[in-house]
Amino acid sequence: DNRPTIASADGRLRASLGAQIQYDVGGAIQGDRSAGAPQLNSFGENLRRGRLLLGFRYDDLLLNVTPEFGGSPDGSPTLYEASLNWTPVRPLTLTLGYYKPYYGLADSMSSNDFLFLERPSIMEIARNIVAGDSRSSVGGRWAANRWFVAGYLTGDAYGSNGTTQATNGQTGFVGRMAGRPWTDPDTDLHLGLTGSHAFDLRRDTSGQSLRLRDRPEWRAGDASTRLIDTGSLPADSASTWGPEIGLRWRNFLLQGEYHQINVGQASAGAAPRPDLTFEGGYVEASWVITGEPRRYSTSSAAFGRPNPARPFSLRDGGWGAWEVMARYSVVDLNDEVTRGRAATATGGVFGGRQEVVGLGLSWYPTSFLRFMLDWNIVHVDRLNAAGTQQIGDRVHTLGLRTQMAF
Amino acid sequence: DNRPTIASADGRLRASLGAQIQYDVGGAIQGDRSAGAPQLNSFGENLRRGRLLLGFRYDDLLLNVTPEFGGSPDGSPTLYEASLNWTPVRPLTLTLGYYKPYYGLADSMSSNDFLFLERPSIMEIARNIVAGDSRSSVGGRWAANRWFVAGYLTGDAYGSNGTTQATNGQTGFVGRMAGRPWTDPDTDLHLGLTGSHAFDLRRDTSGQSLRLRDRPEWRAGDASTRLIDTGSLPADSASTWGPEIGLRWRNFLLQGEYHQINVGQASAGAAPRPDLTFEGGYVEASWVITGEPRRYSTSSAAFGRPNPARPFSLRDGGWGAWEVMARYSVVDLNDEVTRGRAATATGGVFGGRQEVVGLGLSWYPTSFLRFMLDWNIVHVDRLNAAGTQQIGDRVHTLGLRTQMAF
Amino acid sequence: DNRPTIASADGRLRASLGAQIQYDVGGAIQGDRSAGAPQLNSFGENLRRGRLLLGFRYDDLLLNVTPEFGGSPDGSPTLYEASLNWTPVRPLTLTLGYYKPYYGLADSMSSNDFLFLERPSIMEIARNIVAGDSRSSVGGRWAANRWFVAGYLTGDAYGSNGTTQATNGQTGFVGRMAGRPWTDPDTDLHLGLTGSHAFDLRRDTSGQSLRLRDRPEWRAGDASTRLIDTGSLPADSASTWGPEIGLRWRNFLLQGEYHQINVGQASAGAAPRPDLTFEGGYVEASWVITGEPRRYSTSSAAFGRPNPARPFSLRDGGWGAWEVMARYSVVDLNDEVTRGRAATATGGVFGGRQEVVGLGLSWYPTSFLRFMLDWNIVHVDRLNAAGTQQIGDRVHTLGLRTQMAF
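Residues numbered from 1 in each chain as written. Chains lettered and ligands numbered in written order. Predicted model: local features only at pLDDT ≥ 70, side-chain atom pairs only at ≥ 80, totals over all residues. Heavy atoms only, no water.

S.K.: How should I be thinking about the overall build of chain A in this particular structure?
M.R.: For chain A, the count of helices and strands is 3 helices and 21 strands. Each of the three principal axes of chain A carries a C-alpha extent, and together these read 65 × 45 × 45 Å. Within chain A, buried positions represent 59% of all 406 residues. Counted over contacts in chain A with a minimum sequence separation of 6, partners at least 24 positions apart contribute 64%. (Helix = DSSP H or I, 4+ residues; strand = E, 2+ residues; numbered from the N terminus. Buried < 20%, exposed > 50% of the residue type's maximum accessible area, 1.4 Å probe, protein only. Contact = heavy atoms within 4.5 Å.)

Below is the structure:
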């Protein structure tokens, strides 16, 4: 950690100042749009993340306060984190407040280190049920060299309890276990298991509900439009789980997850309300052409980004680090439905099935600067609620991210 | 003041960085809810205050800028303070901008030092008419060792003048005088008098009006619901006043205020529009079990929080400071009304009468960290506008605050 | 630059902290308001600018992050700037992100150095088409001692792409050239030319459009009401251009601009949609009574504010710097219309013609503190859409700004 830091007069209280900026420019090519499919904006810009990282440390206590000026879309400043961390003995850290609890491999990885612009849809959807950004949480993690265990009781996210929105908050649990059964200077093998359970979903005046949806793993030109969406499901409870695997060999990285989401629908009259199961997964790979490894971070049990051996310099002739990436990601939000039959008849939902093939290129001129170009080929197969019309589409997306992070 | 501070190259401009975080978790037990009484959320979390304190000092000038990421409820970042302070001679400070002018004992006390989670309702209601947070003000204070005098001309609060909301701003005056007729190392006797007057209330397209209301001295699980509320009163002017008293003896503190709010209703046709008087008060006590005193702050003419003699430490065996608190608070927003007769007939209002008995426990592991558990027994006696139905209720609230402040 | 600065442990990353506060109090005197003319609030306060300036520098890279807590009106925190600046060779700076690209003389001048509270209306209207605050931009400037050239490709402004607001973003180009053909210790002659072109205007579900409007060069008491306004014009493209001139001789400054806005209206059926041309200009003068010059800033090709030779001090008897200012400003948003004929008949617009005569007085007690009193006499000549009724008005405005900027 190399952030600028200042101390109080007595030297015990230390404040540090950092920033994370991700500025995206991008566009979508939708070709002949299917009738009924949503239209994506064809070009735009967005500040995906714009965070100021303030840390206040006093002995074994750390207060993190992180205003967020980016978003999806940007324009509404918010709070990413306000958390109190206590480290009574290493490597145990207990944390309280609004923050992102550890959940899965894709979400434990820092957003500065992502292989692609956005998390795989299945992980983005799953994490936002009980975990995710700015989640009210209390819990802890044990982050040793070879083992990682984390568990949190969670509630609602920052800003959820606006006037008359909720009549009762959510409660849930998030857990993650991971290990490195094999590690040597050239190799890291990561295995993990993660899961969550919502004991009680948020209740508002129209009852308890859950909505699963995501954008097409791209928000650069259009941060609002989703191609897959279950709509609001009346639900009593939900749980998620999935295994994680990752393998680094020198400057190659291969990682992936399978994930399942189970939703207990609330019964209502005579209409069928079966329990629903949605699933998905992804596999992604990175090759750092210039040879730097994506080192394993034991504090988060996830892989980091390459640190350029020869930073870019007009004078010294360095070119920084270069990396190519590829990903296949799939999520299926259809369940308990049959083509040609209305979703209401079976109690299921045509949320849509989304496949994304992504290709990417990264340039790291220095350790804190990154440019990232992503090309996604998105294919969505989705029927309307009557089960009679295709409202999915095939879309190409391009996104260029400029990232600066200290 | 022990905040981390940095100086400019010439050493004359100094910037300091601090933070105040109050993260609340709580719930309400409403029992058999009265028909017509509002429903409180039964469980939730809220960032009550989440402030970054930036100070810029140059000789005898001080600029305070304080972004606020908490709220009631949280979710909408705002500005708590932007004020320019000039100290031409000690102990005189002249201040201009958006800030909280000194008003009453309960509002002059720092929110880090409160005996309970929230201010007594009568003081919360009264301060928000002409004073309160982020109030546009110009004025000054003379804060000597035994005497304190403050006076401010005030306008609207930050963010009041949204598009088409106001057609004319508010103007008012706030004053406070306080003294310590007796002080010795064991004892502080505080006496004070505070008051305010709104010359002109905010006018919008539907005329001038005033609304008096408050939450049940608890916002931890539900930051929106009020059990007492006058609704919008057409009003020409308003004034408030009340005496303050406080007595510290060693590690005991007893303090209280009586307060009155007078509203000049605007006449409209033949309907009766009598002037209205609302009143209330509170008395609260603290006993710091571990013996530390709540020292008197001359700069604010109010008592502070205990500073633990033996901070919590696993190594040294310190347990910090522990404190128990109790409070009785009452406010009556009924005036010029009779049971069984409609408020419109008499020109009065059934705003409701609220009594709160509070019991609390505080733990201060170190001087900047505090955990605070409050149990409120709230009783509201309130009739509907027709004067025929009881819409008050009896509620128990619990709140646990985690506070970190530098 | 004299901002407090801290360095990281390795000394290469340096963070600086600054602030800009402009707190305005003001009122409008509208006399006998014309029937149909908008009503201005008669008194109020507003935080016009409330910015925290965070800079992170690493070798030849600079990241600027500037949260904004002021506004017109205040109350909605936003982001003024998040930009990445690279200086490969002096005096070239390449910039990417959300920021204000250089445009015209009035907009290149720092808002701390303005002669009046607000920019001349013609420049405010013109800059907000393709340039202006928080504009998504990529480009660069060459800021030499005698020559200044800047060019930027721009998109939308921060926060424009809210849910379903846009279906396609805007693209445009902004350029500015300026020089000092004459400079000696007593004299600076500035000549410049600026222009912009929107290739593609923002498209939302109701098509592409453009709205030109401004407040009466005063927002102190009423930050919302505009007296001139074209309404939403269906438009395909827009361009702007104008020359700049400025002349400083010792402690006198005279500067002005002429400006033209051309709007290509989108045709729709048989209704006439002629291209529209709007124009305006201003001339303003300053005399620093105490003798300090408004020095030329080569980095922005604009004049700065006076730096008091003898800062205010009760001890040393200094009185700071004093300045008087005057301005005449005009903008005409009427085009292709005739008195007595409806705008729809000709395809033009009665946007209104506004003339403002401003007189001002500034006091600079120190280099970072400023008090500014402005009196504007505003005259608007505007017909309703039918061309039959005068809805313009004559208004006097007063505004007092307190400004603190590091």
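S.K.: Before we go on, may I ask you to explain the relation of the copies chain A and chain C in this structure?
M.R.: Copy one and copy two of the chain differ by a rotation about a common axis and a shift along it. Mapping chain A onto chain C is achieved by rotating through 120 degrees and translating by 0.0 Å along the same axis, at an RMSD of 0.0 Å. Put plainly, the chains are arranged around a three-fold axis. (Least-squares fit on C-alpha atoms with pLDDT ≥ 70 in both.)

S.K.: Teacher, can you tell me more about unusual backbone geometry here?
M.R.: The bulk of non-glycine residues show a negative phi, and the bulk of peptide bonds are trans. Cis geometry marks the peptide bond from Arg90 of chain A to Pro91 of chain A; its omega dihedral reads 0 degrees. With respect to the secondary-structure elements, Pro91 of chain A resides in the loop between β5 (78-86) and β6 (92-99). Looking along the chain, the bond that leaves Ser72 of chain C and enters Pro73 of chain C is cis, with omega of 0 degrees. Its place among the elements puts Pro73 of chain C in the loop between β4 (61-68) and β5 (78-86). Of note in this structure, Asp59 of chain A is not a glycine but carries a positive phi near 55 degrees. Turning to its location among the elements, Asp59 of chain A is positioned in the loop between β3 (44-58) and β4 (61-68).

S.K.: What's the story with the relation of the copies chain B and chain A in this structure? I'm lost.
M.R.: For the pair chain B and chain A, the best superposition has an RMSD of 0.0 Å and corresponds to a rotation of 120 degrees with a translation of 0.0 Å parallel to the axis. Of all interface residues in chain B, a mere 6% are interface residues in chain A too; the two copies therefore contact each other through different surfaces.

S.K.: Would you mind showing me how to read the interface of chain A and chain C here?
M.R.: Listed as interface residues are 31 residues of chain A and, on the opposing side, 40 residues of chain C. Together chain A and chain C conceal approximately 3000 Å² of surface at their shared face, both sides included; 71% is due to carbon and sulfur atoms. Scanning the region where chain A abuts chain C turns up 0 salt bridges. At the level of elements, β1 (5-7), β2 (13-29), β3 and β21 (394-405) of chain A are the ones that each hand at least two residues to the side of chain A that touches chain C. In the side of chain A that touches chain C, the residues fall into 18 nonpolar, 10 polar and 3 charged. (Buried area = accessible area lost by both parts, 1.4 Å probe. Salt bridge = Lys/Arg side-chain N within 4 Å of Asp/Glu carboxyl O. Nonpolar A, V, L, I, M, F, W, Y, C, P; charged D, E, K, R; others polar.)

S.K.: Could you clarify how one ought to interpret the environment of Ala178 of chain B in this entry?
M.R.: Residue and element names in this part refer to chain B. With respect to the secondary-structure elements, Ala178 resides in strand β9 (residues 171-184). Taking the C-alpha atoms as reference points, Ala178 and Gly55, separated by 123 residues in sequence, lie 27 Å from one another. Excluding anything up to four places from it in sequence, Ala178 contacts Arg146, Trp147, Phe148, His190, Leu191, Gly192 and Ala301.

S.K.: Would you explain the interface of chain B and chain A in this entry?
M.R.: The parts lose accessible area when they come together, and the size of an interface is often stated as this lost area. Taken residue by residue, the interface counts 31 residues in chain B and 40 residues in chain A. When the two sides are added together, the surface that chain B and chain A hide from each other amounts to roughly 3000 Å², 71% of it contributed by carbon and sulfur. At the boundary of chain B with chain A, the tally comes to 0 salt bridges. The interface formed by chain B and chain A holds 8 residue pairs in polar contact (both at pLDDT 80 or more) in total. Of all the elements in the fold, those that place two or more residues in the side of chain B that touches chain A are β1 (5-7), β2 (13-29), β3 (43-58) and β21 (394-405) of chain B. Its residues assigned to classes, the side of chain B that touches chain A comprises 18 nonpolar, 10 polar and 3 charged. (Polar contact = N/O pair within 3.5 Å; in protein donor to acceptor, adjacent residues only side chain to side chain.)

S.K.: Mind showing me how you'd approach the pattern of salt bridges here?
M.R.: Opposite charge on two side chains allows them to pair when their charged atoms are near. According to the stated counting rule, one finds 78 salt bridges over all chains in the structure shown. A salt bridge links Asp107 of chain A to Arg127 of chain A; the shortest N-O distance between them is 2.8 Å. Here the residue Asp107 of chain A occupies a position in helix α1 (residues 104-108), and Arg127 of chain A occupies one in helix α2 (residues 121-130), the gap between them amounting to 20 residues. Just as Asp107 of chain A is buried, Arg127 of chain A falls in that class too. Between Arg127 of chain B and Asp133 of chain B there is a salt bridge whose closest N-O contact spans 3.1 Å. In this structure Arg127 of chain B comes out as buried when scored by relative accessible area, which is 3%. In this structure Asp133 of chain B comes out as partly exposed when scored by relative accessible area, which is 23%.

S.K.: Before we go on, may I ask you to explain the pairing of strand β19 (residues 349-366) of chain C in this structure?
M.R.: Along any regular strand the residues' side chains alternate between the sheet's two faces. Residue and element names in this part refer to chain C. Judged by how many residues are buried, β19 sits mostly within the fold: 13 of 18 residues are covered. Sheet analysis places strand β18 (residues 321-335) next to β19, joined by 14 bridges and oriented antiparallel. Bridge pairing links Arg327 to Gly358 in β19. Across 12 bridges, the pairing between β19 and strand β20 (residues 369-381) is antiparallel. Across the sheet, the residue bridging to Gly358 is Asn376, located in β20. Hairpin connection between β19 and β20: a loop of 2 residues separates the two successive antiparallel strands. (Pairing = 2+ DSSP bridges.)

S.K.: I would appreciate a short explanation of the environment of Arg14 of chain B in the present structure.
M.R.: Relative to the helices and strands, Arg14 of chain B is located in strand β2. Separated by 48 residues in the primary sequence, Arg14 of chain B and Leu62 of chain B have C-alpha atoms spaced 9.4 Å apart.

S.K.: So what exactly am I meant to see when it comes to a nonpolar patch on the surface here?
M.R.: On the surface, Trp249, Phe252, Trp287, Ile289, Val324, Leu359, Leu361, Leu373, Trp375, Leu398 and Leu400 of chain B cluster together into a nonpolar patch covering about 940 Å² of accessible area. Residue assignment for the nonpolar patch shows that the elements contributing at least two residues are β19 (349-366), β20 (369-381) and β21 of chain B. (Patch = residues over 30% accessible without salt bridge, like charges linked within 9 Å, V, L, I, M, F, W, Y side chains within 5 Å. Areas by Shrake-Rupley, 256 points an atom, 1.4 Å probe, with all protein chains shown as cover.)

S.K.: Honestly, the nonpolar core in this entry has me stumped. Any pointers?
M.R.: Among soluble globular proteins, nonpolar side chains are generally buried collectively. Among the nonpolar cores identified, the biggest contains 75 residues, and Phe56 of chain A, Phe56 of chain B together with Phe56 of chain C are the most heavily contacted of them. Among residues more than four places away in sequence, those in contact with Phe56 of chain C are Leu17, Gly18, Ala19, Leu52 and Phe406 of chain A together with Leu13, Arg14, Ala15, Leu61, Leu62 and Leu63 of chain C. (Core = buried A, V, L, I, M, F, W, Y, C linked by side-chain atoms within 4.5 Å.)

S.K.: Before we go on, may I ask you to explain the environment of Gln170 of chain C in this structure?
M.R.: By the element assignment, Gln170 of chain C lies in the loop between β8 (147-157) and β9 (171-184). For Gln170 of chain C and Ala157 of chain C, which are 13 residues apart along the polypeptide, the C-alpha to C-alpha distance reads 9.3 Å. Ignoring sequence-local partners within four residues, the contact set of Gln170 of chain C consists of Glu45 of chain A together with Ile129, Val130, Arg135, Thr154, Gly155, Asp156, Ala198, Asp200, Leu201 and Arg202 of chain C. Separated by 2.9 Å, the side chain of Gln170 of chain C and the backbone oxygen of Ile129 of chain C make a polar contact.

S.K.: Can you help me understand the packing of aromatic side chains in this one?
M.R.: For any pair of aromatic rings, geometry is given as the distance between the ring centres together with the angle between the planes. A complete count under the given rule lists 48 aromatic pairs over all chains for this structure. When the centroid spacing of 5.3 Å and the interplanar angle of 20 degrees are considered together, the rings of Phe56 of chain A and Phe406 of chain B count as stacked. A residue pair is termed interchain when its members come from two chains, as with Phe56 of chain A in strand β3 and Phe406 of chain B in the segment after β21. The two residues Phe56 of chain A and Phe406 of chain B agree in class, both being buried. An angle of 15 degrees between the planes, with centres 5.3 Å apart, marks the rings of Trp322 of chain B and Trp363 of chain B as stacked. (Phe/Tyr/Trp six-rings, centres within 6.5 Å; stacked < 30°, edge-to-face > 60°.)

S.K.: Explain the side chain of Glu118 of chain B here, please?
M.R.: Inspection of the secondary structure puts Glu118 of chain B in the loop between α1 (104-108) and α2 (121-130). A distance of 3.4 Å separates a polar atom in the side chain of Glu118 of chain B from a polar atom in the side chain of Arg219 of chain B.

S.K.: For this particular structure, what's the right way to read the pairing of strand β18 (residues 321-335) of chain B?
M.R.: The pairing of strand β15 (residues 276-288) of chain B with β18 of chain B spans 10 bridges and is classified as antiparallel. The partner of Val288 of chain B across the bridge, within β18 of chain B, is Glu323 of chain B.

S.K.: Any chance you could explain α2 of chain B here in plain terms?
M.R.: Residues spaced three or four apart along an α-helix face the same direction, because each turn holds 3.6 residues. Residues and elements named next belong to chain B. Counting buried positions along α2 gives 9 out of 10 residues, so the element sits mostly inside the fold. For α2, the complete set of buried residues consists of Ser121, Ile122, Met123, Glu124, Ile125, Ala126, Arg127, Ile129 and Val130. Positive phi appears at Gly132, one or two residues downstream of α2, with a value of about 90 degrees.

S.K.: Sorry, what's going on with the side chain of Asp107 of chain B here?
M.R.: All names here are of chain B. Under the relative-accessibility criterion, Asp107 is labelled buried at 0%. Within the structure, Asp107 has its side chain in polar contact with the side chain of Arg127 (distance 2.9 Å). Setting aside residues up to four positions removed in sequence, Asp107 forms contacts with Lys100, Pro101, Arg119, Arg127 and Gly132.

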